[in-house]
Each structure stands twice: as C-alpha cells, then as structure tokens.
Amino acid sequence: MTTLCYANKTCAIGIHVLLEEIGKPYDLKIVDFSKGEQKTPEYKKLNPKGKVAALVRDDGSVLTEYAAIATWLALTNPDKKLMPTDPEGMARTLEALDFVVGTVHMLSWRLWRRPDAYSANPAEHDQLKERGMNAMLDGLAVIDDQLSGKDYLVGDFSIADTALYYVEYWAADVAGWQLPPNVKAHFERMKARPSVQVSRKQEGVA
Ligand SMILES: N[C@@H](CCC(=O)N[C@@H](CS)C(=O)NCC(=O)O)C(=O)O
C-alpha cells in the first residue's frame, strides 16, 4: 500500500491527482499546518525537512520533493504514460516541471504567501508580496506562451501538468488573480479530469 502524506490545499494536491490518475490504492494523510503538524517530531521522523509532499512507498522508504515523487510515480507506472520516455520529451517535461516548482512556486508564490519568511519587518511585507505577485504573473505569462495551441504543457497530459494545476489553483482560487487565457483554459481542462475532481472533493476545494 502506498501512503501519501499530504497537507490540505498545498503543492501536494498535484501528487494526490497523480495517485488518482494511477488508480492504485493509497492512503491520504492530512498534515494539518494550522496545528503545525509538519514540524512535529513524529512527522519530522518521516520527513526531516518538515514539508509536504512526502510519499511513503510500499517498502516503507520515504520520497520527498515534488519533482522526484512525480518522476518516480511516472517511471514506475509506465502504462499510465505520465511522462514521455524519449530523451527530448523527458527533458522537456522536467524543464516544464522545474520551472513551475522551482520558479513559479518556490521563488514567486512563496514570496507572496509568506513574506514573513523573507523579512521580520511587517512594514516590508506589502512590497515583498507585490514582488511575489509580479514574479508569479510573469511566470504564468511565460507558461501561457508555451501552452499556445496545446492542451497540455508537453503535448499529452504529464506530471508537469499536475504541478501547473496546483499553482493555477493558488493563483486563481486562493489569490483571486486573473489567469492568462491559455493557462485559464488549462486550469479548466484539468478540473474536468476525474482525478482532479476526486482530489478537489476530498480536499474541500470544489
Ligand atoms: N521543494 C519542495 C517544496 C515543499 C514545500 O515547500 N512544501 C510546502 C507546502 S507547498 C510546505 O510543506 N510548507 C510547510 C512549511 O514550510 O512549514 C517540493 O518540491 O516538494
């Protein structure tokens, strides 16, 4: 049995969607940030980084980091075709995935969401949030161009799309920003997938 350790409405929603796409049994664990559960000794025994997503695999070993978990899920479930297997397609998938996770999420969204992590001075927080929002919208504009004429980031649906889905959810539904047109269409396409609908229902996002 695969267990997903998961925090409500965070980047782990993309891993949740992937597990639904794969369709094998798994357990969902909610790590409640409002109670600081990600920093408890019990959770840090599982993931010393004190973050989600974390995946406990059938052999009991733990895998962390979105890109690593998503790539491992894709490679161990080749019949689900969650990423291309040719060198060019694989490289393009990781390129798109890394941009979403590394730049749009970690460098941009986090600045908007957690200005306190960058400055202890509340007077600076509005400016930091504005920089985060602008960086996020710049990143989404780049992705909008990449999506031109395409349904998904690298052709067919892939692990890069589940990452894009979680930042779309944050930008549109949490922050209330207008998504650029191709990104908005991608978000709607993702929400039409049964896997996303299950995950939204379980998270109370729908
Ligand atoms: N680079 C990590 C990012 C993990 C991360 O920042 N997770 C956030 C939720 S999206 C988290 O667990 N935050 C809890 C905290 O910082 O206390 C990944 O790709 O999985």
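Everything numeric in this text was worked out from a predicted model, so none of it was measured.

Cut-off values and rules
Residues numbered from 1 in each chain as written. Predicted model: local features only at pLDDT ≥ 70, side-chain atom pairs only at ≥ 80, totals over all residues. Heavy atoms only, no water. Helix = DSSP H or I, 4+ residues; strand = E, 2+ residues; numbered from the N terminus. Contact = heavy atoms within 4.5 Å. Bend = angle between axes of the 7 residues up to and from the residue. Near = heavy atom within 4 Å. Polar contact = N/O pair within 3.5 Å; in protein donor to acceptor, adjacent residues only side chain to side chain. Areas by Shrake-Rupley, 256 points an atom, 1.4 Å probe, with all protein chains shown as cover. 1 Å grid on protein atoms, 1.4 Å probe; cavity = no way out; pocket = protein on both sides within 12 Å on 5 of 7 lines; lining within 4 Å. Sits in = over half its atoms within 2 Å of the grid points. Nonpolar A, V, L, I, M, F, W, Y, C, P; charged D, E, K, R; others polar. Domains from an automatic or database assignment. Core = buried A, V, L, I, M, F, W, Y, C linked by side-chain atoms within 4.5 Å. Buried < 20%, exposed > 50% of the residue type's maximum accessible area, 1.4 Å probe, protein only.

**Student:** Honestly, the environment of Ile-143 in this entry has me stumped. Any pointers?
**Tutor:** Residue position: Ile-143 is located in helix H5 (residues 125-146). For the pair Ile-143 and Ala-175, spaced 32 residues apart in sequence, the C-alpha to C-alpha distance is 18 Å. For Ile-143, the contacting residues outside a window of four places in its chain are Phe-99, Val-100, Val-104, Leu-153, Leu-164 and Val-183.

**Student:** Teacher, can you tell me more about helix H4 (residues 87-113) here?
**Tutor:** Bending of H4 peaks at approximately 40° at the position of His-105. Residues of H4 that are buried make contact with helix H3 (66-76), H5 and helix H6 (159-174).

**Student:** Can you walk me through the environment of Pro-180 in this structure?
**Tutor:** If you trace the backbone, Pro-180 turns up in the loop between H6 and helix H7 (181-191). Once the C-alpha coordinates of Pro-180 and Leu-107 are considered, the two residues, 73 residues apart in sequence, prove to be 20 Å apart. Aside from chain neighbours lying at most four places away, what touches Pro-180 is Leu-140, Ala-141 and Asp-144.

**Student:** Would you take a moment to explain the site of the ligand for this structure?
**Tutor:** Taken together, 13 residues lie around the ligand, and Cys-11, Gln-38, Lys-51, Val-52 and Glu-65 are the ones closest in. Within the contact set of the ligand, a nitrogen atom lies 2.7 Å away from a side-chain nitrogen or oxygen of Glu-65. In the model, an oxygen atom of the ligand is placed 3.0 Å from a nitrogen or oxygen of the Tyr-66 main chain. Across the complex, the protein chains shield 87% of the 510 Å² of accessible surface that the ligand would expose by itself. According to the grid-proximity analysis, the pocket containing the ligand is the largest pocket. Here the element with the most residues in the shell around the ligand is H4; it accounts for three residues. Looking at the shell around the ligand residue by residue, the classes come out as seven nonpolar, three polar and three charged. Looking at which domains feed residues into the shell around the ligand, each of domain 1 (2-80 + 199-203) and domain 2 (87-193) gives three or more.

**Student:** Is there a simple way to think about the nonpolar core in this case?
**Tutor:** When a protein is soluble and globular, its nonpolar side chains tend to lie buried together. Judged by nonpolar contacts, the single largest core of 59 residues is most densely connected at Ile-15, Leu-140, Ile-143, Tyr-166 and Val-167. Among the secondary structure elements, those contributing two or more residues to this core are strand E1 (2-6), helix H1 (12-22), strand E3 (54-56), H3, H4, H5, H6 and H7. Broken down by element, the residue count for this core peaks at ten residues, all from H6. Each of domain 1 (2-80 + 199-203) and domain 2 (87-193) contributes no fewer than three residues to this core. Setting aside residues up to four positions removed in sequence, Tyr-166 forms contacts with Cys-11, Ile-13, Gly-14, Tyr-66, Val-101 and His-105.

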